[in-house]
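Breakdown of the fold
In case you want the letters, here they are:
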Amino acid sequence: MSHNAKHDACAQPGLMPVDEAIKQICESIQPVTTEIRPLSNAMGYVLAEPVVAGVDVPPADNSSMDGYAIRVADLANGPLGVSQRIAAGDRPQPLQPGTCARIFTGAETPEGADAVVMQEKVTLVDDKAEFPKDTRPGENIRKKGQDINQGKLLLETGTRLDPISLGLIASIGLPEVVVYRKPVVALLSTGNELVEPGLPLQPGQIYNSNRYLLINLFKNLGCEVIDAGIIQDTLEETKSTLARVAEQADLVVTSGGVSVGEEDHVKPAVEALGALNLWRMAMKPGKPLAFGSIRKTQSEGGAYFVGLPGNPVSAFLTSLVVVRPALAKLQGCKTLQNIPYRYAEAEFNAEAGIRREYLRVRRIPSRPGDQPNQATRVELFPNQNSGVLTSCQWADALVVMEPGQKIREGDWVKYLELTSLMAAY
Ligand code: AMP
Ligand code: MG
């Protein structure tokens, strides 16, 4: 099959392109409601209103040095007597003409002063201060509003609060912010074969790894998580559990049970409780993915629903690639742009089928003698099977291989950094 023919093949009906799925999901999601939070407890929340400066920062001119505040024009009259002492926090008197003021870092400069001379450059003779002749107006004065002018738009709606933005908000004196509340995600694992760590494995059973992976991933991504445990593979249990947890959640996430086999009950259960799209995604790992909603019966509206594939690597990668932007939308983030691609030289050969592939790779340290600007190289984890979670632990990046793409050793390939993908927008 030619390269082009392969690209054509990926347009085949039935496979949902990854970007199209992200778009459709994000378009159907509305942000959660808002709340007022004190600044001391707002880290990681997303602004639901813009932050506009009500004051200038700094609020007045102040000294950036320990030294003497002067009016430069007075220097023509020889040494100046010291008429006041101003420490940080003091309210200064206007500067008496023909005198200087002892002043300290952070202290407001007195009205009439136009420069501060640092103390190391000043000589005191008979209680008078002698200044260097080359002192310029404005020297060592931090101007009122040099950081922020009153009325300035500091932070837009949809900004996630980080230590810097919280410091900025404090600098204009706001004690609280209006933010979107943390979305509540209820997480469920489906599967009769699942057993919790700590219990012995019976024949046919495996440990429930998705629960621990996904709970902590969603917490990292800025959600409050309800750990709703395991659902057995029956339609009744799937339906009743989903209906129950949906009452308290903004989003219900399940793993497993979204294929269309006899033991897969997620699709009929969510269809009975609300609405569902079940997609065969053009993504590898991670083919089946369900998105929909579950009606609430005890309150207005509903909970969104995402059904992740069961294999741990598939569940993990679809969460990063598809659910992460959906959560950003739910959280009210202004940008749904995913993290930017980076580029590296492949140290391997690979060939995509008709789905986009996310290859677990690791960046290789430079070779001895490499220049710092030399290409990053990436090597491939040998087993890319979707059941091999060690591939994700070994990897620090995901090479994104488009449908039909052939990668040959030495090719430039695009990749996403895993640590950035695991952090909130
Ligand atoms: P399913 O989509 O339910 O057929 O699951 C696909 C594969 O993922 C099966 O091999 C399951 O045993 C496995 N799997 C499903 N859920 C989990 C889980 N919570 N932890 C580990 N493996 C799982
Ligand atoms: Mg299953």
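Summary of the structure given here. Note that the structure is predicted; figures quoted are calculated from it, not measured.

**What about the packing of helix α5 (residues 235-246) against helix α6 (residues 266-273)?**
Packed helix pairs are specified by the crossing angle of their axes together with the interaxial distance, meaning the distance between the axes. Two numbers describe how α5 lies on α6: the axes approach to 9 Å, and their chain directions differ by 45 degrees. Here α5 is positioned oblique relative to α6, judged by the angle of their axes. As α5 packs across α6, the resulting crossing turns out to be right-handed. Contact residues: L235, T238, K239, L242 and A243 in α5; V266, P268, A269, V270, A272 and L273 in α6. Class assignment for the residues of the contact of α5 with α6 results in nine nonpolar, one polar and one charged.

**Considerations on the site of ligand 1**
Close to ligand 1 lie 15 residues, the nearest being E193, N208, G257, G310 and N311. Separating a nitrogen atom of ligand 1 from a backbone N or O atom of G310 is a distance of 3.2 Å. Computed on the free molecule, ligand 1 has an accessible area of 490 Å², of which 76% lies beneath the protein chains in the complex. Listed by contribution, the elements that provide at least two residues to the shell around ligand 1 are β15 (184-190) and β17 (206-207).

**Comments concerning the nonpolar core**
If you look at the biggest cluster of nonpolar residues, it comprises 57 residues, and the most contacted ones within it are F218, M281, L327 and Y358. Sequence-distant contacts of Y358, defined by excluding residues within four places in its chain, comprise V18, M283, K284, P285, L317, V321, Q384, L398, V399, V400 and L416. Ranked by size, the runner-up nonpolar core spans 18 residues in total, among them A246, V266, L273 and F305.

**Describing unusual backbone geometry**
Of note, the amide linkage connecting V57 to P58 takes the cis form, showing an omega dihedral of -10 degrees. With respect to the helices and strands, P58 occurs in the loop between β4 (51-52) and β5 (62-63). Cis rather than trans, the peptide bond between K284 and P285 has omega equal to -5 degrees. With respect to the helices and strands, the residue P285 is situated in the loop between β21 (283-284) and β22 (288-295). Phi at D126 is positive, roughly 50 degrees, even though this residue is not glycine. A positive phi is found at D127, a non-glycine position, where the angle reads about 65 degrees. Of note, D127 is situated in the loop between β10 (123-125) and β11 (128-130). The exposure class of D127 is exposed, given its relative accessible area of 70%.

**Observations regarding the layout of surface pockets**
The calculated volume of the largest pocket comes to roughly 360 Å³. Elements represented by at least two residues in the lining of the largest pocket include exactly β17 and α7 (312-330). Considered class by class, the residues forming the lining of the largest pocket number seven nonpolar, twelve polar and four charged.

**What to know about the sheet that holds strand β3 (residues 46-47)**
If you walk across this open sheet you meet the three strands as β2-β14-β3, and the pairing is antiparallel. Pairing within the sheet leaves two strands with one partner each, and these edge strands are β2 (34-38) and β3. Both β2 and strand β14 (residues 176-180) contribute to a ladder of five bridges, which runs antiparallel. Across the sheet, residue T34 finds its bridge partner in β14, namely Y180.

**With respect to empty space enclosed by the protein**
On inspection of all chains with the given rule, the structure shows three cavities of 30 Å³ or more. The volume enclosed by the largest cavity comes to roughly 50 Å³. Forming the walls of the largest cavity are G44, Y45, V46, R160, Y180, R181, K182, P183, G222 and Q331. Residues that form the lining of the largest cavity fall into these classes: four nonpolar, three polar and three charged. Counting contributing residues, the lining of the largest cavity receives three or more from each of domain 1 (3-32 + 182-330) and domain 2 (37-56 + 154-180).

Cut-offs used in this document
- Residues numbered from 1 in each chain as written.
- Chains lettered and ligands numbered in written order.
- Predicted model: local features only at pLDDT ≥ 70, side-chain atom pairs only at ≥ 80, totals over all residues.
- Heavy atoms only, no water.
- Axes fitted to C-alpha atoms, helices over the stretch in contact; angles between N-to-C directions.
- Helix = DSSP H or I, 4+ residues; strand = E, 2+ residues; numbered from the N terminus.
- Parallel < 35°, antiparallel > 145°, perpendicular 65-115°, else oblique.
- Left-handed = near helix turned anticlockwise from the far one by under 90°.
- Contact = heavy atoms within 4.5 Å.
- Nonpolar A, V, L, I, M, F, W, Y, C, P; charged D, E, K, R; others polar.
- Near = heavy atom within 4 Å.
- Polar contact = N/O pair within 3.5 Å; in protein donor to acceptor, adjacent residues only side chain to side chain.
- Areas by Shrake-Rupley, 256 points an atom, 1.4 Å probe, with all protein chains shown as cover.
- Core = buried A, V, L, I, M, F, W, Y, C linked by side-chain atoms within 4.5 Å.
- Buried < 20%, exposed > 50% of the residue type's maximum accessible area, 1.4 Å probe, protein only.
- 1 Å grid on protein atoms, 1.4 Å probe; cavity = no way out; pocket = protein on both sides within 12 Å on 5 of 7 lines; lining within 4 Å.
- Points joined across faces, edges and corners; volume = space filled by probe spheres on them.
- Pairing = 2+ DSSP bridges.
- Domains from an automatic or database assignment.

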